[in-house]
Amino acid sequence: MGFLPLSLTLLLAATPIPVEEPRLQNDAAPVLEQAMAPEAFEAVLLEGDLPALELACADAAQFGLEERLRLLRNRLMEVAPAPQPFAVVMANARALMQCKAPDSVPVVLSRYGPAPGQQRREWLLLSWRAAAAALDQERAILALLRLAEGDPSRLEAEALVVGLDDGGQPLTRSGLDVLADHQIANGDAAEAVITLLAGRRTGEAAARRLGLASELLGELEPERSGPLLEAALDQAAAVQAWNLAEDLLQLQLTLELENGGSGDRPRERLRRLATRVDDRFTLLDLDRDAPVLTPGQREQLDQELRSPRAPGGHAALGESEAFEADATVFSAQP
């Protein structure tokens with residue numbers, strides 16, 4: 001069981017990569033059964049306008065035609081030289097995104113400097129999408145901070161598209177969480193903590209943010225990590241997010257052990273909660289590390305933990321029924 005969907009080690013190398021924003025139904029690019037004919041491609045490459053070039057990019061990307069993508073990228077960098085109006089610059093940049101050339105987008109966007117307002121917002125969002133797709137963490141951070149006018153809390157309600165679900169519908173995340181991810185990936189753990197603590201949400205979202213901030217502070221400032229984890233547990237308990245609460249207690253146990261503690265208090269708290277929610281997997285995991293076990297007992301527990309679908313394995317648990325937890329479950333005393 002882990003608190004984060006990715007360990008921090010993996011998170012440093014992987015942040016959400018935004019996809020091209022979904023088009024309106026009447027604007028949808030056709031899904032073709034075969035690639036554009038060579039003659040048609042040559043005509044678009046030589047004479048096509050931005051919409052035609054973007055469609056050619058989508059076609060080449062769909063069929064994995066790398067040489068066509070290269071030629072189209074080169075053409076898109078020349079087709080609309082500066083100066084150009086806002087709409088042309090944005091269309092040019094979006095076409096480059098479709099051509100899988102996010103590194104080239106900043107060059108095109110630099111051809112227009114939008115004034116404050118809706119144009120600047122659209123310009124910054126496209127700047128962020130390109131930077132994130134190129135894994136340029138510093139540029140992505142800068143775009144989001146400019147969008148928030150330097151105040152990360154303003155990103156709280158900013159729903160950023162970071163992918164598509166199985167049905168092709170957009171998946172969104174709060175801009176505040178996305179900013180924190182970029183800062184972590186860029187090695188700016190202290191800045192990520194400041195961002196996470198700027199959030200104003202309560203309940204499960206707050207618990208996750210506080211838990212992540214605690215993990216980041218585990219190495220930077222261990223004395224601040226503990227109170228944040230307790231606040232995270234309070235938020236999880238308030239909405240009966242027991243699985244999340246278990247993850248937070250696992251994190252508390254890990255951090256205490258890493259800082260030379262015995263781990264007795266978080267281990268006992270985790271045991272009480274796992275007992276209440278009938279989480280046999282966590283109980284087995286805790287028992288496996290008990291010093292009183294014989295080698296044979298430990299081997300048996302290891303076998304059960306490796307076989308989640310065996311009778312009694314944790315895969316059969318599913319979600320526990322809701323219950324009202326009393327204060328002893330999260331009591332600071334063992």
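Residues numbered from 1 in each chain as written. Predicted model: local features only at pLDDT ≥ 70, side-chain atom pairs only at ≥ 80, totals over all residues. Heavy atoms only, no water.

So, about the packing of aromatic side chains. Taken as a whole and assessed by the stated rule, the structure comprises one aromatic pair. Sitting over the face of the ring of F41, R68 holds its NZ or CZ atom 4.6 Å from the ring centroid. (Phe/Tyr/Trp six-rings, centres within 6.5 Å; stacked < 30°, edge-to-face > 60°. Lys NZ or Arg CZ within 6 Å of the ring centre and 35° of its normal.)

Quick look at helix α7 (residues 118–133) now. Here α7 contains 16 residues, and its C-alpha end-to-end distance of 23 Å stays within 8% of the 22 Å for a straight helix at 1.5 Å per residue. Residues of α7 that are buried: W123, L124, L125, L126, S127, W128, R129, A130, A131 and A132. Buried-residue contacts for α7 involve α5 (86–98), α6 (105–109), α8 (137–147), β1 (159–164) and α9 (175–185). Just past α7, the residue L135 takes up positive phi, approximately 60°. (Helix = DSSP H or I, 4+ residues; strand = E, 2+ residues; numbered from the N terminus. Expected span 1.5 Å × (residues − 1). Buried < 20%, exposed > 50% of the residue type's maximum accessible area, 1.4 Å probe, protein only. Contact = heavy atoms within 4.5 Å.)

This part takes up the pattern of salt bridges. In total, this model carries 14 salt bridges according to the counting rule given. Of the charged contacts, one joins R154 and E149 as a salt bridge, the two residues approaching to 2.4 Å between their closest N and O atoms. One salt bridge connects R201 with E156, and the closest N-O pair in it is separated by 3.1 Å. Residue R201 is located in the loop between α10 (189–197) and α11 (203–220), and its partner E156 is located in the loop between α8 and β1; the two are separated by 45 residues in the primary sequence. Judged by relative accessible area, which is 11%, E156 ranks as buried. (Salt bridge = Lys/Arg side-chain N within 4 Å of Asp/Glu carboxyl O.)

As a further point, take the confidence of the model for the protein. When pLDDT is averaged along the protein, the result is 83, and 76% of the positions lie at 70 or above. Between residues 22–29, whose pLDDT stays under 50, and residues either more than four places distant or in other chains, the model counts seven contacts. Note that pLDDT drops below 50 for residues 305–328; the model gives that stretch 32 contacts with residues more than four away or on any other chain. (pLDDT = per-residue confidence, 0-100.)

This brings us to the packing of α7 against α8. For the pair α7 and α8, the least separation of the axes is 8 Å and the interaxial angle reads 160°. Taken together, α7 and α8 sit at an angle that is classed as roughly antiparallel. Along this stretch, α7 crosses α8, giving a crossing that reads as left-handed. On α8, the residues touching R120, R121, L124, L125, S127, W128, A131 and A132 of α7 are R139, A140, A143, L144, R146 and L147. Of the residues in the contact of α7 with α8, the class split is nine nonpolar, one polar and four charged. (Axes fitted to C-alpha atoms, helices over the stretch in contact; angles between N-to-C directions. Parallel < 35°, antiparallel > 145°, perpendicular 65-115°, else oblique. Left-handed = near helix turned anticlockwise from the far one by under 90°. Nonpolar A, V, L, I, M, F, W, Y, C, P; charged D, E, K, R; others polar.)

A word on the nonpolar core. Counting 45 residues, the largest nonpolar core has L72, L76, V105, L109, W128, L144 and L155 as its most contacted members. With eight residues, α7 is the largest single contributor of residues to this core. Residues L212, L233, L244 and L249 belong to the second largest nonpolar core, which totals 29 residues. (Core = buried A, V, L, I, M, F, W, Y, C linked by side-chain atoms within 4.5 Å.)

When β1 meets strand β2 (residues 170–174), the two strands line up antiparallel, connected through five bridges. Bridge pairing in β2 links V161 to T172. The hairpin turn running from β1 into β2, its antiparallel successor, is five residues long, and G168 in that turn takes a positive phi close to 80°. (Pairing = 2+ DSSP bridges.)

So, about the packing of α9 against α10. Each pair of packed helices gets described by two things: the angle between the helix axes and the distance between those axes. In the contact formed by α9 and α10, the axes pass within 8 Å of each other and the chain directions differ by 170°. On the basis of the axis angle, α9 is roughly antiparallel to α10. Along its contact with α9, which presents L176, D177, L179, A180, Q183 and I184, the element α10 presents A189, E191, A192, T195 and L196.

What follows is about the state of the cysteines. Tallying each qualifying case throughout the model produces one disulfide. Each sulfur in the disulfide pair C57 and C99 lies 2.0 Å from the other. Disulfide C57-C99: torsion about the S-S bond near -80°, hence left-handed. Of the two residues, C57 is situated in helix α3 (residues 50–62) and C99 in the loop between α5 and α6; the sequence distance between them amounts to 42 residues. Among the residues examined, C57 registers a relative accessible area of 0% and is labelled buried. (Disulfide = S-S within 2.5 Å.)

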